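# Descriptive analysis of the structure
If you want the building blocks of each chain, they are given just below.
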Amino acid sequence: LKAENAPVYQQFAKLMSWADKARKLGVRTNADQPDQAANAIAFGAEGIGLCRTEHMFFGEGKIEAFQEMIVAENLDARRKALKKILPLQRKDFEGIFKTMEERPVTIRTLDPPLHEFVPHTDADVEKLSKSSGVPVEKIKERAKQLEESNPMLGHRGCRLGIYYPEITEMQVQAIFEAACNVQKRYGIKVHPEIMIPLVGHINELNAQAAIVRRVAEEVFAAKGMKIDYLLGTMIELPRAALTADQIAQTAEFFSFGTNDLTQTGYGLSRDDAGRFLSFYEETGILKADPFATLDTEGIGQLVQIGVQKGRSTNPNLKIGICGEHGGDPKSVAFCHQTGLNYVSCSPFRVPIARIAAAQAAIEEKKAQAPAKKVATPAKGKKVVAKKAVAVKKPAVKTVEKKEKAAVKKAPAKKAAPAKKPAAKKAKK
């Protein structure tokens, strides 16, 4: 149906227009592919708040090249494998930039631990051995080396990029080459934002920032043009929130990854907590699942500290949230109250976030509205009391009048004289 022939859509569009006029928070989306980005734009997303680059590696013909890089035995072999991945990543980014046009796109560098990408079945190991030339036993040995007791707190996020800087170099090169290509071919002014994940110390961010800046300049020199971009980080560890004033001296934006911040702040594993969180809710230990609705009393304090300390050293710091909480109405209201610039959520939750942001702004406006003043007389003027206005009694019904008249006409009966009490005989 065309929009003009769809009454329900017209009502939806009208409601969204009212919400957009009222809200202050921006609303972005989490999208890793052009089709997801297109859906989000249709729902009113104003940009991408989280593009997870690791999701791009799972496509057909991509995972093999990435696995080859993982099992490579030396730097030269890794770089050889990364050269195969570069054009694939560049093509993915071109598709997203073209779809998003001039809207901002926040791209997170590789985050998950490498063991997630290693083949585990004998058939997959044999396949990788044939394509990479690495013996089966070597691949199995490498997979064993990558095993971790607690991978979510292990060799992932910025730690990967620091240990394997060539991975960050390849990804940054792909991003900026794609941005230059789209801007040159289609005249679209692209706005990439490079986001470094799982930073806990300022030195980690500085190490990755140096790679981003260097590779960006190399691409700009080769392409003969420059692209405006931002460099920032995810705040998803308690230490990052507590030292946000230091981190903000390098970062140009923060994005709170509240999924991991909840895990690390609460000491909960998101993958395992499902076994008991529903019981916690049923028995009243917790009011809500902290991975669905942000725990504003605890984890929320880490967010508030991060915002306050970050802006204390960088007043122009742009701050958003990109966890699942970005589409939860209660969490969106908290983000508005805390002074964030935007929330980011899955494409189909964008309308919910837009309405929730508007409701939060309206509630704030109502709370700030001054109370109505009672008029007071000017000094020197006497207060003259107003004359009381006589209130007319309602007309008595006819039946009532007749009853009263009958009472008046009836003669009053004389009261019978009281009998004198008989005199008692005197006792003899």
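These numbers come from a predicted model, not from an experiment. (Residues numbered from 1 in each chain as written. Predicted model: local features only at pLDDT ≥ 70, side-chain atom pairs only at ≥ 80, totals over all residues. Heavy atoms only, no water.)

### Regarding the overall build of the protein
- Counting secondary structure elements, the protein contains 17 helices and eight strands.
- The proportion of buried residues among the 428 residues of the protein is 45%.
- Considering only contacts within the protein whose residues lie at least 6 apart along the sequence, 72% involve residues at least 24 apart.
- Here the protein displays about 24800 Å² of accessible surface, and carbon together with sulfur accounts for 55% of that area. (Helix = DSSP H or I, 4+ residues; strand = E, 2+ residues; numbered from the N terminus. Buried < 20%, exposed > 50% of the residue type's maximum accessible area, 1.4 Å probe, protein only. Contact = heavy atoms within 4.5 Å. Areas by Shrake-Rupley, 256 points an atom, 1.4 Å probe, with all protein chains shown as cover.)

### A look at the nonpolar core
- Core analysis: the biggest nonpolar cluster contains 91 residues, and Phe-66, Phe-97, Phe-176 and Phe-254 have the highest contact counts within it.
- With 10 residues, helix H8 (residues 165-186) is the single largest residue contributor to this core.
- Here Phe-97 is in contact with Val-105, Ile-107, Ile-175, Ala-178, Ala-179, Val-182, Val-190 and Pro-192, once residues within four sequence places are set aside. (Core = buried A, V, L, I, M, F, W, Y, C linked by side-chain atoms within 4.5 Å.)

### Re the packing of aromatic side chains
- Under the counting rule described, the total for this entry stands at 10 aromatic pairs.
- Between the aromatic rings of Phe-57 and Phe-117, the centroid separation amounts to 6.3 Å while the plane-to-plane angle is 80°, which identifies the pairing as edge-to-face. Note that Phe-57 is positioned in the loop between strand S2 (48-52) and helix H3 (63-71) and Phe-117 in the loop between strand S3 (104-108) and helix H5 (122-132), a separation of 60 residues in sequence. The same class applies to Phe-57 as to Phe-117, namely buried.
- Centre to centre, the rings of Tyr-163 and Tyr-164 are 5.0 Å apart; their planes meet at 85°, and the pair counts as edge-to-face.
- A relative accessible area of 57% places Tyr-163 in the exposed class. (Phe/Tyr/Trp six-rings, centres within 6.5 Å; stacked < 30°, edge-to-face > 60°.)

### Points about the pairing of S2
- Counting buried positions along S2 gives five out of five residues, so the element sits mostly inside the fold.
- In this sheet, S2 lies alongside strand S1 (residues 26-30) in parallel orientation, the contact comprising two bridges. By the bridge assignment for S2, Asn-30 is matched with Leu-50.
- The pairing of S2 with S3 spans three bridges and is parallel. For Cys-51, the partnering residue across the bridge sits in S3 and is Ile-107. (Pairing = 2+ DSSP bridges.)

### Focus on the pairing of strand S7 (residues 318-321)
- By the bridge criterion, four bridges tie strand S6 (residues 253-256) to S7 in an arrangement that is parallel. When the sheet's bridge partners are listed, Phe-254 is paired in S7 with Ile-319.
- Sheet topology note: the S7/strand S8 (residues 342-345) ladder contains two bridges and is parallel. Residue Gly-320 lies in a different strand from S8, and its bridge partner there is Tyr-342.
- Following the backbone out of S7, through helix H15 (residues 329-338) and into the adjacent parallel S8, one traces a crossover that is right-handed. (Right-handed = clockwise from strand over helix to strand, strands pointing away.)

### Side note on the packing of helix H12 (residues 258-266) against helix H14 (residues 299-313)
- The contact between H12 and H14 brings their axes to 9 Å, and the two run at 115°. When the axes of H12 and H14 are compared, the crossing they make is right-handed. Between H12 and H14, the contacting residues are Leu-261, Thr-262, Gly-265 and Tyr-266 on the first element and Ile-299, Leu-302 and Val-303 on the second.
- Taken together, the residues of the contact of H12 with H14 sort by class into five nonpolar, two polar and no charged. (Axes fitted to C-alpha atoms, helices over the stretch in contact; angles between N-to-C directions. Left-handed = near helix turned anticlockwise from the far one by under 90°. Nonpolar A, V, L, I, M, F, W, Y, C, P; charged D, E, K, R; others polar.)

### Digging into helix H16 (residues 350-368)
- Taking 1.5 Å per residue, 19 residues should reach 27 Å; H16 reaches 27 Å between its end C-alpha atoms and fits that length.
- Every buried residue of H16 is listed here: Val-350, Pro-351, Ala-353, Arg-354, Ala-356, Ala-357, Ala-358, Ala-360 and Ala-361.
- Where H16 is buried, its residues contact helix H1 (7-22), S1, H15 and S8. (Expected span 1.5 Å × (residues − 1).)

### What to know about the sheet that holds S2
- As summarised here, the arrangement of the eight strands in space is S1-S2-S3-S4-S5-S6-S7-S8, forming a closed barrel in which the pairing is parallel. Neighbouring strand axes in the sheet, compared pairwise and without regard to direction, differ in orientation by 25° on average.
- The sheet contact formed by S1 and S8 spans four bridges and is parallel. Across the sheet, Thr-29 pairs through a bridge with Cys-345, a residue of S8.
- Across the sheet, H8 lies against S3 and strand S4 (191-196), angled at about 170° from S4, the strand it touches most.
- Here H16 sits on the sheet in contact with S1 and S8, set at roughly 160° to S1.

### A few points about the pattern of salt bridges
- Scanning all chains against the criterion turns up 27 salt bridges.
- Two residues, Arg-23 and Glu-46, come together in a salt bridge whose shortest N-O distance is 3.0 Å. With a gap of 23 residues between them, Arg-23 in the loop between H1 and S1 and Glu-46 in the loop between helix H2 (34-42) and S2 connect regions that are remote in the sequence.
- Here the salt bridges do not stand alone but share partners, grouping Glu-54, Arg-108, Asp-111, Arg-156 and Asp-260 into one network. (Salt bridge = Lys/Arg side-chain N within 4 Å of Asp/Glu carboxyl O.)

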